[in-house]
Structure formats: structure tokens, C-alpha cells
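Fold and geometry: a report
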Amino acid sequence: MTDIDKTAGPKDTPPAGAEAIKAIPVRHYGRYVTAVIAIAVLFAIVYAFAQGKINWHAVPDYFFDDRIMTGVGKTLLLTVLSMLIGIVGGVVLAVMRLSKNPVTSAIAWFYIWFFRGTPVLVQLFLWFNLGLVFEYINLMPIYKDYWSSFMTPLLTALLGLGLNEAAYMAEICRAGLLAVDEGQTEAAHALGMSHGKTLRRVVIPQAMRVIVPPTGNEVINMLKTTSLVAAVQFSELFRYAQDIGQNSGAPVEMYFLAAAWYLIMTSVLSVGQYYLERYYARGSSRTLPPTPWQKVKKNLTTFSSRKVTA
């Protein structure tokens, strides 16, 4: 009786007389052409800037100047405070917009319509010049003063940026709340939870996965928008760079310096946004996206393995 090897699988060797198929990779000549063109354009731009009448040595000379560093600190502080106002106001407005009360829903709709429909710079000037309407502010025994003294450049910047941001955050929060299945709310109410507790414990935690990515973009956008408050006499990075440029005779160079600092700050915020999105993606995807360091390690490992194989 012949024994049959059940563990034996199909042979990898082709049958006799058959030729092995040799796979030839497809050549993408268009990729090489576009890469060469892109590199040539990049070098042309770099060469044009290098040959321009710009004193590049002024940029490192003032890069860590005390006034510039003060401006960086004020820019970050203004960004954080304005976003806090915007996020808190946005959550409140989103809940009001989704309310079954027609009055609160209409008020929220009007607020969003007004602040999203007017430019930030116009809103800053309106807040700064409301003394024509309100000559003084009177909070009875707490505070009383003229509007021009009350509305400082810092307060103008916070109100102009924060209240405008609240309108955009309201729509972001509303989209996140609507993304949560209604069955979650119905189940929470069936367990005896109140509407407020359902929002805090069930709906908002699940909505964060949708809310966080656009909120990160809003933070980065807010960081850049803070440059507009120079128009209402608040000194931040752009205003300090302007002043240094006028006094040193290198205004264009200081614009490049300010742009470099904005790029540094937005890059740091982008990294933070990536890890925050990755944190809130834990419950929605089985495999988390790799971090930038993990991608680098994977590429290095792949490159080294190819090198050894070759």
C-alpha cells in the first residue's frame, strides 16, 4: 500500500517544457519628467531669491531678538485664549442650534449667519469703535468707565477673534453631534439619563472623533489670523516685526522672519494635531495610522533589507 503525503502541497516548479514567467515592471517615464521639471522650477525660485536685493543676514540677526520673542509669546497667548472663547461659544451655539426651542435655535442661527458673513478685520474695527454707540460701560457697582478705556487692544483682539471663531466652531460641533447615531441618545434616555448628562457622557465623547480634525485646522488658522490685530494697535509677532523693519531699514527681511516663525509654530501645532487625531481614532479603527517616526523606521528597514538582498 502506497503512503500518501497529505502535507505535501503543489510544487513550485513549473511543469516540464513550460517557461518561467519573468515579471517586468512598468516604466513610468512621465514621473521622471515631472520630477525633473519640479526640481528645475524649485532651483529657479531659490536662485531668484538668492540673487534678489534682500539682506538675508538681517534675518538671523533679529531671529531671537527680545521683541520678536515677546511677539511670539503674545501670538501664542492670543491664539489659546481666542480658541478657548471660540470652542466654549461654539459648543453652546451648537447645542442651541439643535435645540427644539425655536427661539434659542433662531438666535444661534442669526449669530452664526452674522459672524460668518463678515470679515474678521471688519469685526475688529467694529469692536474698537463701538464707543460711538456706547459712550461708557456701566456694570452698576462692579465697573463703570468710558468705552474707549474699557475696550483695550487686547480685549478688542479677544472679542474680534474669539466671537468670530465661535461661529465656525458651532458648525463644526453641530456636525460632530449629528454624526452620532440617534440610537445612542435614545438608549441613554431609556436608561434614565437627562438630556445634559446624555450630551456629556454619551454624545460628545463620540462626536470628538469628528470634531477634533477640523478644530486642529481652526487652531492653525487662528494662529495666522492673529496678525490682523496689528490693525487695532495690539502688538504681536507681526507688529513687532513691522516695527523692527521700519527702524532697521529692512522691512522685507522682517516679513520673511515673521513668516519663518509662523511656519515653525504651525508645524509644531500640526504635529500636535496629528497625535490628537490618532488618540481619538482608537475607537473607530482597528489599526492606528503609523506615526511619522514609525514611517521613517519602516522606510529605513525596507531600504536596508533591499540593500542586503541585492
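Our subject is the structure listed above.
Quick caveat, the model's predicted, so the values are computed rather than measured.

The next subject is the overall build of the protein. When helices and strands are tallied, the protein shows 12 helices and 2 strands. What you see in the protein, going N to C, is helices and strands ordered as α-α-α-α-α-β-β-α-α-α-α-α-α-α. The 310 residues of the protein split such that 28% are buried. Within the protein, contacts between residues separated by at least 24 positions form 72% of all contacts whose residues are at least 6 apart in sequence. Looking at the protein as shown, the accessible area adds up to about 21,300 Å², and 65% of this sits on carbon and sulfur atoms.

Let's shift gears to the packing of aromatic side chains. Using the criterion set out here, one finds 11 aromatic pairs in the structure. Measuring from centroid to centroid gives 5.0 Å for Trp 56 and Phe 256, while their planes differ by 50°, and the two rings are tilted. Remark: Phe 256 occurs in helix H11 (residues 251-280) and Trp 56 occurs in the loop between helix H1 (29-51) and helix H2 (58-62); sequence separation between them is 200 residues. By relative accessible area, which is 30% here, Phe 256 ends up partly exposed. Every member of this aromatic cluster is reached through a ring pair, and the members are Phe 49, Trp 56 and Phe 256. Taking NZ or CZ as reference, Lys 74 lies 5.9 Å from the ring centre of Phe 234, over its face.

Taking 1.5 Å of rise per residue, the 32 residues of helix H3 (residues 66-97) would be expected to cover 46 Å, and the 45 Å separating its terminal C-alpha atoms lies within 8% of that figure. Its side-chain oxygen placed 2.9 Å from the backbone nitrogen of Arg 67, Asp 65 serves as the N-cap of H3.

Right, let's get into the pattern of salt bridges. Evaluation of the coordinates by the stated rule reveals 4 salt bridges. Notably, a salt bridge pairs Arg 239 with Asp 243, separated by 3.8 Å at the nearest N-O pair. Pair noted here: Arg 239 and Asp 243 are both in helix H10 (residues 237-248), with a separation of 4 residues, about one helical turn. A relative accessible area of 29% places Asp 243 in the partly exposed class. Each of Arg 97, Glu 171 and Arg 174 takes part in salt bridges that share partners, so that together they form one network.

Counting residues in hydrophobic clusters, the biggest one holds 21 residues, and the most contacted among them are Leu 78, Leu 161, Leu 177 and Val 229. Mapped onto this core, the elements with two or more residues apiece are H3, helix H5 (120-128), helix H7 (153-179) and helix H9 (195-225). Ranked by the residues each element gives to this core, the list is headed by H7, at 7 residues. Excluding residues that lie within four positions of it along the chain, Leu 78 makes contacts with Leu 154, Ala 157, Leu 158, Leu 161, Thr 226, Val 229 and Phe 234.

Secondary-structure assignment places Glu 171 in helix H7. In terms of polar contacts, Glu 171 uses its side chain to reach the side chain of Arg 97, at 3.1 Å. In contact with Glu 171, other than residues within four places in its own chain, are Arg 97, Ile 112 and Arg 116.

Glancing now at unusual backbone geometry. Peptide bonds are, in most cases, trans, and in most cases residues other than glycine have a negative phi. You will see that Gln 233, though not glycine, has its phi angle at about 70°, which is positive. Relative to the helices and strands, Gln 233 resides in the loop between H9 and H10.

Put simply, H3 and H7 touch, their axes get as near as 5 Å, and they point 45° apart. The pairing of H3 with H7 is recorded here as oblique in orientation. Relative to H7, H3 is oriented so that their crossing is right-handed. Of the residues contributing to the contact of H3 with H7, the split by class is 18 nonpolar, 5 polar and 4 charged.

There is a patch of nonpolar side chains on the surface, built from Val 33, Ile 37, Val 41, Ile 45, Phe 49, Trp 56, Val 252, Tyr 255 and Phe 256 and spanning about 770 Å² of accessible area. When residues of the nonpolar patch are traced back to their parent elements, those giving at least two are H1 and H11. By secondary structure assignment, the location of Val 252 is in helix H11. With a relative accessible area of 40%, Val 252 lands in the partly exposed category.

Our focus in this paragraph is the environment of Tyr 146. Structurally, the position occupied by Tyr 146 is in strand S2 (residues 144-146). The class of Tyr 146 is partly exposed, set by a relative accessible area of 48%. Put simply, Tyr 146 and Phe 134 are 12 residues apart on the chain and 8.4 Å apart in space, counted from C-alpha to C-alpha. Excluding its chain neighbours within four sequence positions, the residues that come into contact with Tyr 146 are Glu 135 and Tyr 136.

Calculation rules
- Starting from 1, residues in each chain are numbered consecutively following that chain's sequence as written.
- Per-residue local features are limited, in this predicted model, to residues with pLDDT of at least 70; the limit for side-chain atom pairs, both in listing and counting, is 80 or more; totals at the level of whole chains, interfaces and linings are taken over all residues.
- Think of the side-chain values as coming from all heavy atoms in the structure, minus any hydrogens and water.
- Only DSSP runs of H or I covering at least 4 residues are called helices, and only runs of E covering at least 2 are called strands; the numbering of each starts at the N terminus.
- A 1.4 Å probe rolled over the protein chains alone gives each residue an accessible area, and that area as a share of the maximum for its type sets the label: buried under 20%, exposed over 50%, partly exposed in between.
- Contacts are assigned to residue pairs with any non-hydrogen atoms lying within 4.5 Å of each other.
- All accessible-area figures derive from a Shrake-Rupley calculation using a 1.4 Å probe, and residue coverage is judged against the displayed protein chains alone.
- Pairing of aromatic side chains here covers Phe, Tyr and the six-membered ring of Trp, requires ring centres within 6.5 Å, and sorts the geometry by plane angle: under 30 degrees stacked, over 60 edge-to-face, intermediate tilted.
- In this scheme, Lys NZ or Arg CZ marks a charge over a ring once it lies within 6 Å of the ring centre and within 35 degrees of the ring normal.
- One fewer than the residue count of a helix, multiplied by 1.5 Å, yields its expected span.
- Pairing of N or O atoms within 3.5 Å defines a polar contact, subject to two protein rules: one partner must be a possible hydrogen donor and the other a possible acceptor, and residues neighboring in sequence count only if both atoms are side-chain atoms.
- Note on definitions: salt bridges are taken to be side-chain nitrogens of Lys or Arg within 4 Å of carboxyl oxygens of Asp or Glu.
- To form a nonpolar core, buried Ala, Val, Leu, Ile, Met, Phe, Trp, Tyr and Cys residues must be joined to one another through side-chain atoms within 4.5 Å.
- Every axis in this analysis is a line fitted to C-alpha atoms, fitted for helices over the stretch in contact. Angles between the N-to-C directions lie between 0 and 180 degrees.
- Working definition: roughly parallel below 35 degrees, roughly antiparallel above 145 degrees, roughly perpendicular at 65 to 115 degrees, and oblique for all remaining angles.
- Handedness of a helix crossing follows the sense of rotation of the near helix relative to the far helix, less than a right angle counterclockwise being left-handed and clockwise being right-handed.
- Side-chain classes follow a simple rule in which Ala, Val, Leu, Ile, Met, Phe, Trp, Tyr, Cys and Pro form the nonpolar group, Asp, Glu, Lys and Arg form the charged group, and the remainder, Gly included, forms the polar group.
- Like charges are joined within 9 Å and nonpolar side chains (Val, Leu, Ile, Met, Phe, Trp, Tyr) within 5 Å, but only among residues with over 30% relative accessible area and no salt bridge; these make up the patches.

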